[in-house]
Amino acid sequence: PFGVSKLTNSVVSSAHLSDWCEIIREKYLKRKQIEIGLQLVNDGYDETADVQYTISAADQMITEISIGATDDKCEHVSEAVIESIQRIEAIKNNHTGITGVPSGFTQLDAITHGWQPTDLIILAARPSVGKTAFAINIAVNAANHNSNKFPVALFSLEMSRRQISDRMLCAESGVFMDKIQGGSGFSDYDEKKIFQASERISKYPIYIDDSAALSVFDISSRARKLKRKNNIGMVIIDYLQLMSGDSESLKKNQNREQEIASISRKLKKLAKDLNIPVIALSQLSREVEKRAGEKKIPQLSDLRESGAIEQDADIVMFLYRPEYYEITANEMGDSNKGETIVKIAKHRNGSLDSVTLKANLAIQKFTDWTPDEFTQIPQKSNWKPISLMNEDKP
């Protein structure tokens, strides 16, 4: 009792309760495994023991602990059929075509029908292509969706909360990023738009954790807490290669590829346990740079450090911008400024396709692609819509 009391007093929070319970359960099973092993060794040295009996007894004990090691979730097929029928009825009455968390991009939602519960989505690109800006856009679009606002947990292992906030303000206000960063040319009109954007963003159900060097255990525990407290509908992690494995991975002296494989498996488990989509950003290897022309469009083999990412993910998407490689016109000679290809290279429950978006990274904003040049905001100019210009008039 004293030992139990001492352990209880040493736990300062119940935030990780389910994870601690899982650790205790695992240690119990390991002790039982050791007991069975020692019993087998002793019986092996006992000349009077019957070999068949001791093996049978050991097999029975192993069976008992193996049953205890797994949750009994085996159900009759009729239960699954009922769930399917209920989902089909809900889809029938849903005229939007979106059954998951909306991305906010028309063509992308037409393919995915929204980010689906239990799915692990990998968003990969080379550095500076815009994957963080795209992920922030996804978070804001989900948290500000017209019919149903989805709370989002954003774990940023690379950027601070202030940097994430800056990008949100740029995208929401249309004020250039360099103005916010350096203050050069920052006008009263810009300040007005920033304040208006800040009022809107402050109401979005977005929760940012910018702790550095988080382990997959930390993220899992914090996401579970946010699910209980704020009923989050999606998790976004920026980015996967900056995460560390759990203590068990370190004890086993796993190499980085094995560690990443363990992380991706645990992220998939998190998505299933919380019944929400998990989007993890990922870096690509330098092999992309060695290819020429359109061959620079990323492939599954370009995923950095582990093929297990491809295996565990339900959706793998790549961002490709021709501008990044100084390709400024298409084969017809037309400008492709801002053109961004979202290539869906793996889609476990849907089709493979590519979607074209418009990127204006000066304001950290992605929008649906439109060929009408008059609807596109120039990358660098003093242009603003007439409706906004009228706001300055008395």
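Residues numbered from 1 in each chain as written. Predicted model: local features only at pLDDT ≥ 70, side-chain atom pairs only at ≥ 80, totals over all residues. Heavy atoms only, no water.

Some thoughts on the side chain of Ser282
With respect to the helices and strands, the residue Ser282 is situated in strand 5 (residues 278-283). A polar contact of 3.0 Å, which involves the side chain of Ser282, links it to the side chain of Gln241. Each residue touching Ser282, except ones within four places of it in the same chain, is listed here: Ile122, Leu123, Ala124, Ala125, Lys131, Tyr239, Gln241, Leu303 and Ile309. (Helix = DSSP H or I, 4+ residues; strand = E, 2+ residues; numbered from the N terminus. Polar contact = N/O pair within 3.5 Å; in protein donor to acceptor, adjacent residues only side chain to side chain. Contact = heavy atoms within 4.5 Å.)

Some remarks on unusual backbone geometry
Residue Tyr239 is reached from Asp238 by a cis peptide bond, and omega for that bond is -5 degrees. Tracing the backbone shows Tyr239 in the loop between strand 4 (234-238) and helix 11 (247-251). Phi is positive for Ala213, which is not a glycine, with a value near 55 degrees. For Ala213, the position within the fold is in the loop between strand 3 (206-209) and helix 10 (216-230). Positioned with a positive phi, Asn231 is a non-glycine residue whose angle comes to about 50 degrees. Of note, Asn231 is situated in the loop between helix 10 and strand 4.

As for the pairing of strand 1 (residues 120-125)
The element strand 1 is extensively covered by neighbouring structure, given that six of its six residues are classed as buried. Pairing geometry for strand 1 and strand 5, over six bridges, is parallel. If you follow Leu123 over to strand 5, its bridge partner there is Leu281. Where strand 1 and strand 6 (residues 315-320) come together, four bridges link them in parallel fashion. Its bridge partner lying in strand 6, Ile122 is registered against Val316. (Buried < 20%, exposed > 50% of the residue type's maximum accessible area, 1.4 Å probe, protein only. Pairing = 2+ DSSP bridges.)

Remarks on the sheet that holds strand 1
The sheet built from nine strands is open, its strands ordered 3-2-4-5-1-6-7-8-9 with mixed pairing. The open sheet has two edge strands with one neighbour each: strand 3 and strand 9 (365-368). Each strand axis lies, on average, 25 degrees off the axis of its neighbour in the sheet, ignoring direction. Relative to strand 8 (residues 354-360), strand 7 (residues 339-347) runs antiparallel, the two sharing five bridges. When the bridges of strand 8 are listed, Thr340 appears paired with Leu357. On top of the sheet, helix 12 (residues 256-274) reaches strand 1, strand 4 and strand 5; it is set at about 160 degrees to strand 5, its chief contact. (Axes fitted to C-alpha atoms, helices over the stretch in contact; angles between N-to-C directions.)

Overview of the confidence of the model for the chain
For the chain, the mean per-residue pLDDT works out to 80, and 82% of the residues sit at or above 70. Confidence drops under a pLDDT of 50 for residues 373-394, and excluding neighbours within four residues, the segment shows 28 contacts in the predicted structure. (pLDDT = per-residue confidence, 0-100.)

Here's the deal with the packing of aromatic side chains
If you walk through the whole model with that rule in mind, you get two aromatic pairs. Look at Phe134 and Phe366: their rings are 5.2 Å apart centre to centre, the planes differ by 65 degrees, and that puts the pair in the edge-to-face class. Of this pair, Phe134 sits in helix 6 (residues 131-143) while Phe366 sits in strand 9; the two residues are 232 residues apart in sequence, bridging distant segments of the chain. Of the two residues, Phe134 and Phe366, neither departs from the other in class, the shared state being buried. Members of the aromatic cluster, joined through ring pairs, are Phe105, Phe134 and Phe366. If you follow Lys131 out to its NZ or CZ, it ends over the ring of Tyr239, 5.9 Å from the centre. (Phe/Tyr/Trp six-rings, centres within 6.5 Å; stacked < 30°, edge-to-face > 60°. Lys NZ or Arg CZ within 6 Å of the ring centre and 35° of its normal.)

Some words on the pattern of salt bridges
Per the counting criterion, the structure on display carries twelve salt bridges. Across the pair Arg222 and Asp209 runs a salt bridge whose closest N-O atoms are separated by 2.8 Å. Of this pair, Arg222 sits in helix 10 while Asp209 sits in strand 3, and the two are 13 residues apart along the sequence. By relative accessible area, Arg222 is classed as partly exposed at 30%. Classification of Asp209 by relative accessible area gives buried; the value is 17%. The network of salt bridges with common partners includes Arg224, Lys269 and Asp273. (Salt bridge = Lys/Arg side-chain N within 4 Å of Asp/Glu carboxyl O.)

Quick word on the packing of helix 7 (residues 161-173) against helix 9 (residues 188-201)
Contact geometry of helix 7 with helix 9 gives a least axis separation of 9 Å together with a crossing angle of 110 degrees. As far as their axial angle goes, helix 9 and helix 7 are roughly perpendicular. Crossing hand, helix 7 versus helix 9: right-handed. Facing helix 7, whose interface residues are Met168, Leu169, Glu172 and Ser173, helix 9 presents Lys193, Ile194, Ala197, Ser198, Arg200 and Ile201. The residue inventory of the contact of helix 7 with helix 9, partitioned by class, reads five nonpolar, two polar and three charged. (Parallel < 35°, antiparallel > 145°, perpendicular 65-115°, else oblique. Left-handed = near helix turned anticlockwise from the far one by under 90°. Nonpolar A, V, L, I, M, F, W, Y, C, P; charged D, E, K, R; others polar.)

Some words on the nonpolar core
Within the largest apolar cluster, 45 residues are counted, with the highest numbers of intra-cluster contacts made by Leu108, Trp115, Phe134, Met234, Ile236 and Met317. The biggest single contributor to this core is helix 6, with nine residues. (Core = buried A, V, L, I, M, F, W, Y, C linked by side-chain atoms within 4.5 Å.)

A few points about the packing of helix 6 against helix 7
Here helix 6 crosses helix 7 at 70 degrees, and the two axes come no closer than 10 Å. With respect to their mutual orientation, helix 6 and helix 7 come out roughly perpendicular. Between helix 6 and helix 7 the crossing geometry is right-handed. Contacts between helix 6 and helix 7 involve Ile136, Asn137 and Val140 on the former and, on the latter, Ile164, Arg167, Met168, Ala171 and Glu172. Its residues assigned to classes, the contact of helix 6 with helix 7 shows five nonpolar, one polar and two charged.

As for helix 7
Residue pairs three or four apart in sequence face the same way in an α-helix, which turns once every 3.6 residues. Between its first and last C-alpha atoms helix 7 spans 18 Å; for 13 residues at 1.5 Å apiece the expected length is 18 Å, and the two agree. Listed as buried for helix 7 are Ile164, Asp166, Arg167, Met168, Leu169, Cys170, Ala171 and Ser173. Residues of helix 7 that are buried make contact with helix 6, strand 2 (152-156), helix 8 (177-182), helix 9, strand 3 and strand 9. Phi turns positive one or two residues past the end of helix 7, at Gly174, with a value near 85 degrees. (Expected span 1.5 Å × (residues − 1).)

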